[in-house]
Amino acid sequence: AQKVTQAQTEISVVEKEDVTLDCVYETRDTTYYLFWYKQPPSGELVFLIRRNSFDEQNEISGRYSWNFQKSTSSFNFTITASQVVDSAVYFCALSEGNTGNQFYFGTGTSLTVIP
Amino acid sequence: EPEVTQTPSHQVTQMGQEVILRCVPISNHLYFYWYRQILGQKVEFLVSFYNNEISEKSEIFDDQFSVERPDGSNFTLKIRSTKLEDSAMYFCASRLRDRGLSEAFFGQGTRLTVV
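Residues numbered from 1 in each chain as written. Chains lettered and ligands numbered in written order. Predicted model: local features only at pLDDT ≥ 70, side-chain atom pairs only at ≥ 80, totals over all residues. Heavy atoms only, no water.

Draft legend 1. Representation of the overall build of chain A within the structure. When helices and strands are counted, chain A shows 0 helices and 12 strands. A compact globule built from 115 residues should have a C-alpha radius of gyration of about 13 Å, and chain A, at 14 Å, falls within 12% of that. In terms of overall dimensions, chain A has C-alpha extents of about 45 × 25 × 20 Å along its principal axes. Split into buried and exposed, the 115 residues of chain A put 50% on the buried side. Sequence separation of at least 24 residues holds for 55% of the intrachain contacts in chain A that already meet a minimum separation of 6. Summed over its atoms, the accessible surface of chain A is roughly 5400 Å², and 48% of this surface lies on carbon and sulfur atoms. Looking at charge distribution, chain A has the averaged site of its 8 positive side-chain charges lying 4 Å from that of its 13 negative ones. (Helix = DSSP H or I, 4+ residues; strand = E, 2+ residues; numbered from the N terminus. Rg over C-alpha atoms; globule rule 2.2 N^0.38 Å. Buried < 20%, exposed > 50% of the residue type's maximum accessible area, 1.4 Å probe, protein only. Contact = heavy atoms within 4.5 Å. Areas by Shrake-Rupley, 256 points an atom, 1.4 Å probe, with all protein chains shown as cover. Lys, Arg positive; Asp, Glu negative; His and termini not counted. Charge placed at Lys NZ, Arg CZ, Asp CG, Glu CD.)

Now the structure itself:
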């Protein structure tokens, strides 16, 4: 079973539109950590945000915001007023606190922002 | 800002040949990882390394793979006899702690092409 599901394979939006990338996770641990990474066309993985299972506060950082809801096991990522530079593949990842130290990545969502 | 560096950025090798992918983790980090990403697919965990030994490995990490930290700074992944299906982007990562809120910092990747 997939531990991290990103159901949206590809999304295209027009510049300045808002877009939300979905992430649903599955774990039996009560302590776990969620991450978002960005992979631009150049290929590297860029850390965006981390969140632990005890902190359900939503976070806003500039045009980026994250909505963590334990009730639905979701950790969604919203980009407001998208820009062409936001075009990338975005990965959601889970790290379980008690059963291992690896990151489980989702399959990624490829975002294209059209000028 | 400290970063994880990987060399080479691109390696082409013939099937059956040995390759060594090199990584220099962030200097005060203690936990090291290799992940791979087959083109267009998700990032998959290969192995984690702590205190000069493997702490966890996936099913992908079979006897053809080995890791080493020969000199306290470099962290290498060796593939003894490459197969066509080993073609992928290989990412090295390091973390300050193996669990908790410590994010993994990823290198820019080595694209391995087996021909």
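Draft legend 2. Summary view of the packing of aromatic side chains. Using the criterion set out here, one finds 27 aromatic pairs over all chains in the structure. Here Y37 of chain A and F105 of chain A contribute two aromatic rings whose centre-to-centre distance is 6.0 Å and whose plane-to-plane angle is 50°, an arrangement assigned as tilted. A residue pair is termed long-range when its members are at least 10 positions apart, and Y37 of chain A in strand 5 (residues 32-39) and F105 of chain A in strand 11 (residues 103-105) qualify at 68 residues. For the pair Y35 of chain B and F45 of chain B, a centre-to-centre distance of 5.6 Å together with 70° between the ring planes defines the contact as edge-to-face. Of the two residues, Y35 of chain B is situated in strand 4 (residues 31-37) and F45 of chain B in strand 5 (residues 43-50); the sequence distance between them amounts to 10 residues. The buried category is assigned to Y35 of chain B, whose relative accessible area is 1%. F45 of chain B sits in the buried class, given a relative accessible area of 5%. (Phe/Tyr/Trp six-rings, centres within 6.5 Å; stacked < 30°, edge-to-face > 60°.)

Draft legend 3. Fine view of the interface of chain A and chain B. Each partner contributes residues to the interface: chain A has 23 residues there, and chain B has 23 residues. Between chain A and chain B, a total of about 2000 Å² is buried, with carbon and sulfur atoms accounting for 54% of that surface. Along the contact surface separating chain A from chain B lie 0 salt bridges. Here chain A is connected to chain B by 4 residue pairs in polar contact (both at pLDDT 80 or more). (Buried area = accessible area lost by both parts, 1.4 Å probe. Salt bridge = Lys/Arg side-chain N within 4 Å of Asp/Glu carboxyl O. Polar contact = N/O pair within 3.5 Å; in protein donor to acceptor, adjacent residues only side chain to side chain.)

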